[in-house]
Amino acid sequence: MSAWLILALILAPEASARIGLSTQFIDVELEDLRPGGVYNVREARGVPYSVRNRGTDPVEVRVEALVPKAVEAPYAALPDPSWVEFNPGAMRIAPESLGVCDIIIRIPDDPALSGRRFQATLWAHTVGTGLFGAGVNSRLRLSIGVSPEIAARIGSFLEGRKP
């Protein structure tokens, strides 16, 4: 190692930065959605989607819906991530601050979706940070129409009431 490189390393100012994202929006389920319906998660659940910048520098964060790599029964993977929109879809978040956006869900007007359950992955991630980045995943679960369990209970109840 050359003497100049050793001297440069010794005299270089300390370079440290922290990068990280977090959210309290971990696993949210919306039930009794209707084909053709449009839903705002903030209005339905009373909480917006929020992301905290845990880093020491401002960051640009993009939020996207993804088809999940794995799903838990009785859910199926969301057929089309375009059902989920974010407003705004990107935000600049100051260090140790919170960025907030609305999640809008648009269910296609298809009666065949009634009784189905879907799961999506929400991915908030930094963009334009160079070599290092950060991201955080959340789970969004959607039940369209009456769930199969409730439909079965209603059917059993009605069967028991027949004269």
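Whatever comes next refers back to the structure up there.
Okay, so let's go over this structure. Quantities reported herein were computed from a predicted structural model and do not represent experimental measurements. (Residues numbered from 1 in each chain as written. Predicted model: local features only at pLDDT ≥ 70, side-chain atom pairs only at ≥ 80, totals over all residues. Heavy atoms only, no water.)

Within the chain, the secondary structure is distributed over three helices and eleven strands. Mapped in sequence order, the helices and strands of the chain form the string α-β-β-β-α-β-β-β-β-β-β-β-β-α. Within the chain, residue pairs in contact and separated by at least 24 positions form 76% of the contacts whose partners lie at least 6 positions apart. Accessible surface computed for the chain: about 9,900 Å², of which carbon and sulfur atoms make up 56%. (Helix = DSSP H or I, 4+ residues; strand = E, 2+ residues; numbered from the N terminus. Contact = heavy atoms within 4.5 Å. Areas by Shrake-Rupley, 256 points an atom, 1.4 Å probe, with all protein chains shown as cover.)

In the structure shown here, the tally under the stated rule is eight salt bridges. Linking Glu96 and Arg18 is a salt bridge whose minimum nitrogen-to-oxygen distance equals 2.5 Å. Of the two residues, Glu96 is situated in the loop between strand 8 (90-93) and strand 9 (98-106) and Arg18 in the loop between helix 1 (3-11) and strand 1 (21-22); the sequence distance between them amounts to 78 residues. Glu96 gets classed as partly exposed once you look at its relative accessible area, which sits at 39%. (Salt bridge = Lys/Arg side-chain N within 4 Å of Asp/Glu carboxyl O. Buried < 20%, exposed > 50% of the residue type's maximum accessible area, 1.4 Å probe, protein only.)

Take the nonpolar core next. Taken as a class, soluble globular proteins show a tendency for nonpolar side chains to be buried jointly. Counting 32 residues, the largest nonpolar core has Tyr49, Val84, Ile103 and Leu122 as the members making the most contacts within it. If you list the elements that add at least two residues to this core, you get strand 2 (27-33), strand 4 (49-53), strand 5 (59-66), strand 7 (84-87), strand 8, strand 9, strand 10 (117-127) and strand 11 (135-144). (Core = buried A, V, L, I, M, F, W, Y, C linked by side-chain atoms within 4.5 Å.)

What follows concerns the environment of Arg92. With respect to the helices and strands, Arg92 occurs in strand 8. Residues Arg92 and Pro58 lie 34 residues apart in sequence; the distance between their C-alpha atoms is 6.8 Å. Setting aside chain neighbours within four positions, we find Arg92 in contact with Pro58, Val59 and Glu60.

Scanning all chains against the criterion turns up three aromatic pairs. Measuring from ring centre to ring centre gives 5.1 Å for Phe25 and Tyr49, while their planes differ by 75°; the resulting arrangement is edge-to-face. One end of the pair, Phe25, is in the loop between strand 1 and strand 2; the other, Tyr49, is in strand 4, with 24 residues separating them in the sequence. Pair check on accessibility: Phe25 and Tyr49 agree, each one buried. (Phe/Tyr/Trp six-rings, centres within 6.5 Å; stacked < 30°, edge-to-face > 60°.)

Let us now look at a nonpolar patch on the surface. Taken together, Ile19, Leu131 and Phe132 make up a surface patch of nonpolar side chains, about 370 Å² in accessible area. Turning to its location among the elements, Phe132 is positioned in the loop between strand 10 and strand 11. (Patch = residues over 30% accessible without salt bridge, like charges linked within 9 Å, V, L, I, M, F, W, Y side chains within 5 Å.)

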